[in-house]
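# Per-entry structural report
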Amino acid sequence: MDLTAIQLNIPQTVGLAAVFMVVGELIKSRVAVLGKYFIPSPIIGGLLFSILILIGHQTGAFEITLSKSIREFFMVVFFTTIGFSASLELLKKGGIAVLIFLAVVVVLVVLQNIVGVGLAGAMGADPLLGLAAGSISMTGGHGTSGAFGPILEGLGVTGALPAAMAASTWGLVFGCLIGGPLGRRLMQRYKIKGRAHTEVSEFETDDTQDAAPQKGKKDSKQYLMGTIMHTVVLLAIAMGIGVTITDYLASKEIVLPGYLGGMLVAAVMRNIIDLRKLRCPEHEVGVIGEVSLAFFLTMALMDMKLWELVDVAGPLLVILVAQTILMAAFAYYVTFRVMGRDYDAVTISVGHCGFGMGATPNAVANMQAFTSKNGPSPKAFFVIPLVGSLFVDFVNALVITGFIKMFS
């Protein structure tokens, strides 16, 4: 074997990704700041491997090529699980506050892409690079970045994947940094008082902290195996039908991302299940989605060509500063007002900073830190996780796809 050019097959790629996932978890457990800002373990491990590849590239000592087909498979599985979370029944049960916040999120997603595309074009960069620093990495985070980065690179945007990943990491950090100060400013400016910890709310439930209602589980091994098999069958059918649809549309010169078909078919299947009053294996779907996302993210980071990031670093930094300002201004002037101009609205605005630039855990961390000093906000802890875990990835993917079609 030529040690300077190593080509890994599917089992080797999966095995190596698993090793670096574990390495990432070990590093995260020992470096407090990584846990503080909720940097995912797959990101840490994958980035470490990509740095090793950068060293090999710069020195000319070695080159390692991973299997891309297995990474794409995990991506399709992950987004298909997202489709199964798009339940209209749950959206209706969430009440008007959930619908309003979802609308607010959609507006921000569109603005993030407009800012990204506009600034990239103004600086002479590819407008599609602006999408990498738009809602792909901001509202979408590392998972969406890993999915759309290769798509943008396939459209000729050099360095789109490392740019999107770098932007996602920026968002995780700054989304946490701006939330608390913004909340304090809102309370001072509008003379809003905190809430006593003994107060209750219409949103106070036993599962307020958990967006996805959990159903009881039998301890029977037979039942467990049955639900896992049921879940895998549902996912496989959705993916199979979805890929068939996208392949057919491609033959008619209607090109859509490969993951989109499975996601849409899964959404239809989920709502048919709800209409028929059948049980959707939400927990099992969630576990499979988490595993798929972890492997997919690790492989996406491992396959980054960091040397390509140099060419886009300048425009990327400008766009990220603008996105941070946009998020703070949007939360202050839009989210707070639309969500009711009260203490709950302040808390939701604080959470939106973490949510709109990072991920749902960042939003929850922002709100926990804020409410620990100012009093509880069950409404905020109900609304943001529900939208974040069930709907935002679905909606964001559709908006991003529309922007890609527009500028490609």
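Refer to the preceding data block for the structure.
The model shown is predicted, which means the values in this text are computed figures rather than measured ones. (Residues numbered from 1 in each chain as written. Predicted model: local features only at pLDDT ≥ 70, side-chain atom pairs only at ≥ 80, totals over all residues. Heavy atoms only, no water.)

### Comments concerning the overall build of the protein
- Secondary structure summary: the protein contains 17 helices and two strands in total.
- At 21 Å, the protein has a C-alpha radius of gyration in line with the 22 Å of a compact globule built from 408 residues.
- The proportion of buried residues among the 408 residues of the protein is 52%.
- Accessible surface computed for the protein: about 18100 Å², of which carbon and sulfur atoms make up 66%.
- With 28 positive and 26 negative side-chain charges, the protein shows a spacing of 8 Å between the two charge centroids. (Helix = DSSP H or I, 4+ residues; strand = E, 2+ residues; numbered from the N terminus. Rg over C-alpha atoms; globule rule 2.2 N^0.38 Å. Buried < 20%, exposed > 50% of the residue type's maximum accessible area, 1.4 Å probe, protein only. Areas by Shrake-Rupley, 256 points an atom, 1.4 Å probe, with all protein chains shown as cover. Lys, Arg positive; Asp, Glu negative; His and termini not counted. Charge placed at Lys NZ, Arg CZ, Asp CG, Glu CD.)

### Focus on the nonpolar core
- Residues Phe101, Phe148, Leu152, Tyr259, Met263, Val346 and Phe355 are the most contacted members of the largest nonpolar core, which totals 96 residues.
- Per element, the largest residue contribution to this core is 10 residues, and it comes from helix 6 (residues 96-122).
- Setting aside anything within four residues of it in sequence, one finds Val346 in contact with Gly183, Leu186, Met187, Ile192, Phe336 and Phe370.
- One finds Leu34, Ile44, Ala300 and Met304 within the second-largest nonpolar core, a separate group that totals 12 residues. (Core = buried A, V, L, I, M, F, W, Y, C linked by side-chain atoms within 4.5 Å. Contact = heavy atoms within 4.5 Å.)

### Some details on the environment of Pro257
- With respect to the secondary-structure elements, Pro257 resides in the loop between helix 10 (221-251) and helix 11 (258-275).
- Residues Pro257 and Val76 lie 181 residues apart in sequence; the distance between their C-alpha atoms is 9.8 Å.
- In this structure, Pro257 is in contact with Ile151, Thr246 and Thr401, ignoring residues within four places of it in sequence.

### As for helix 14 (residues 343-357)
- The first and last C-alpha atoms of helix 14 sit 22 Å apart over 15 residues, in line with the 21 Å expected at 1.5 Å per residue.
- The largest bend in helix 14 comes to about 25°, at Gly351.
- Within helix 14, 15 of the 15 residues are buried, leaving the element largely enclosed by the surrounding structure.
- Its side-chain oxygen 3.3 Å from the backbone nitrogen of Asp344, Asp342 forms the N-cap of helix 14. (Expected span 1.5 Å × (residues − 1). Bend = angle between axes of the 7 residues up to and from the residue. Polar contact = N/O pair within 3.5 Å; in protein donor to acceptor, adjacent residues only side chain to side chain.)

Nothing here speaks to function; it is all geometry.
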